[in-house]
Amino acid sequence: AQSVTQPDIHITVSEGASLELRCNYSYGATPYLFWYVQSPGQGLQLLLKYFSGDTLVQGIKGFEAEFKRSQSSFNLRKPSVHWSDAAEYFCLIKAAGNKLTFGGGTRVLVKP
Amino acid sequence: IAGITQAPTSQILAAGRRMTLRCTQDMRHNAMYWYRQDLGLGLRLIHYSNTAGTTGKGEVPDGYSVSRANTDDFPLTLASAVPSQTSVYFCASSDGGEQFFGPGTRLTVL
């Protein structure tokens, strides 16, 4: 069975600093990969996705993610964090047969 | 275009009562999903449907049932609610790639 691990439950970062959120997955092939963001009290919004091709993908709000097959990772990055980036971030994989698995989430706090 | 709507927005329910959470999408997506979100556990898949007329069990299906009579609607039923089903429930649909999420239903079972 597939699994997704987001090792960091909480991350605190200063406004303007860089951010990296880790995502590792376990699956026998390359799944579809997604990052979603959930602001407090809100639903989930897609930041970016990877299906195939260029392993560095650009998303909305200045986010990017890099797929590394050798490490089974899909880490999310942003060069300069804004206070509005405070939210919870979820990594999701979609395997064959529409099987979906979420990571446990990483809550990002932004210090002024 | 509404996307995905869920009803009710929130509900407080007595244990043992039956409850149906509604989900409707207007994007003609084949696949639909129900998740529950609990603090510290992220989102867990309850049931899914790859196309109208078919359903499948997710990670935490016990105590829940679904039906998919048509493409647009995917109701989730709690036959006899228990306090452990207190959660925020999200419906989603997919065109085979990206998942689109509804706004969620906050359910409290007392």
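We now turn to the structure provided with this report. (Residues numbered from 1 in each chain as written. Chains lettered and ligands numbered in written order. Predicted model: local features only at pLDDT ≥ 70, side-chain atom pairs only at ≥ 80, totals over all residues. Heavy atoms only, no water.)

## A short note on the pattern of salt bridges
Thinking step 1. Applying the stated rule across the entire model yields eight salt bridges over all chains.
Thinking step 2. The salt bridge partner of A:Asp8 is A:Arg22, with a shortest N-O separation of 3.0 Å. Of the two residues, A:Asp8 is situated in the loop between β1 (3-5) and β2 (10-14) and A:Arg22 in the loop between β3 (19-21) and β4 (24-26); the sequence distance between them amounts to 14 residues.
Thinking step 3. We classify A:Arg22 as partly exposed; its relative accessible area is 37%.
Thinking step 4. Residue B:Asp38 is joined to B:Arg36 by a salt bridge in which the shortest nitrogen-to-oxygen separation is 2.8 Å. Here the two residues B:Asp38 and B:Arg36 agree in accessibility, since each one is buried. (Salt bridge = Lys/Arg side-chain N within 4 Å of Asp/Glu carboxyl O. Helix = DSSP H or I, 4+ residues; strand = E, 2+ residues; numbered from the N terminus. Buried < 20%, exposed > 50% of the residue type's maximum accessible area, 1.4 Å probe, protein only.)

## A closer look at the state of the cysteines
Thinking step 1. Across all of its chains, the model carries two disulfides over all chains by this definition.
Thinking step 2. Here A:Cys23 is linked by a disulfide to A:Cys91, with a sulfur-sulfur distance of 2.0 Å. As the torsion about the S-S bond is roughly -65°, the A:Cys23-A:Cys91 disulfide counts as left-handed. Here A:Cys23 is found in the loop between β3 and β4, whereas its partner A:Cys91 is found in strand β10 (residues 87-95), with 68 residues between them in sequence.
Thinking step 3. On the basis of relative accessible area, A:Cys23 is assigned to the buried category, the value being 0%.
Thinking step 4. Taking relative accessible area as the criterion, A:Cys91 reaches 0% and is therefore assigned buried.
Thinking step 5. Note that B:Cys23 is cross-linked by a disulfide to B:Cys91, the S-S spacing being 1.8 Å. Residues B:Cys23 and B:Cys91 are joined through a disulfide that is left-handed, its torsion about the S-S bond being -70°. Placement of the pair is B:Cys23 in strand β3 (residues 19-25) and B:Cys91 in strand β9 (residues 87-94), with a sequence separation of 68 residues. (Disulfide = S-S within 2.5 Å.)

## Topic: unusual backbone geometry
Residues and elements named next belong to chain B.
Thinking step 1. In this structure, the amide linkage connecting Ala7 to the following residue, Pro8, adopts the cis form with an omega of -5°.
Thinking step 2. With respect to the helices and strands, Pro8 occurs in the loop between β1 (4-7) and β2 (10-13).
Thinking step 3. Even without glycine at this site, Arg28 takes up a positive phi of about 60°.
Thinking step 4. The topology assignment puts Arg28 in the loop between β3 and β4 (31-38).
Thinking step 5. What makes Arg28 exposed here is its relative accessible area of 55%.

## Description of the side chain of B:Gln6
Residues and elements named next belong to chain B.
Thinking step 1. Of note, Gln6 is situated in strand β1.
Thinking step 2. In terms of polar contacts, Gln6 uses its side chain to reach the backbone carbonyl oxygen of Tyr89, at 3.0 Å.
Thinking step 3. Side-chain polar atoms of Gln6 contact the backbone nitrogen of Cys91, separated by 3.1 Å.
Thinking step 4. Contact partners of Gln6, with chain neighbours within four places excluded, come to Arg22, Trp34, Tyr89, Phe90, Cys91, Gly102, Pro103, Gly104 and Thr105. (Polar contact = N/O pair within 3.5 Å; in protein donor to acceptor, adjacent residues only side chain to side chain. Contact = heavy atoms within 4.5 Å.)

## Side note on the nonpolar core
Thinking step 1. Counting residues in each nonpolar core, the largest one holds 26 residues, and the members touching the most others are A:Trp35, A:Leu48, A:Phe74, A:Leu76 and A:Tyr89.
Thinking step 2. At four residues, β10(A) tops the list of elements feeding residues into this core. (Core = buried A, V, L, I, M, F, W, Y, C linked by side-chain atoms within 4.5 Å.)

## Section: the interface of chain A and chain B
Thinking step 1. In this assembly, 19 residues from chain A lie in contact with 16 residues from chain B.
Thinking step 2. Across the chain A to chain B interface the summed buried area is about 1400 Å²; carbon plus sulfur atoms make up 56%.
Thinking step 3. Counting the contacts that link chain A with chain B gives zero salt bridges.
Thinking step 4. There are three residue pairs in polar contact (both at pLDDT 80 or more) connecting chain A and chain B.
Thinking step 5. Elements with a minimum of two residues in the side of chain A that touches chain B: β5 (32-38), β6 (44-50), β10 and β11 (99-102) of chain A.
Thinking step 6. Considering every element that reaches the side of chain A that touches chain B, the biggest residue donor is β5(A), with four residues. (Buried area = accessible area lost by both parts, 1.4 Å probe.)

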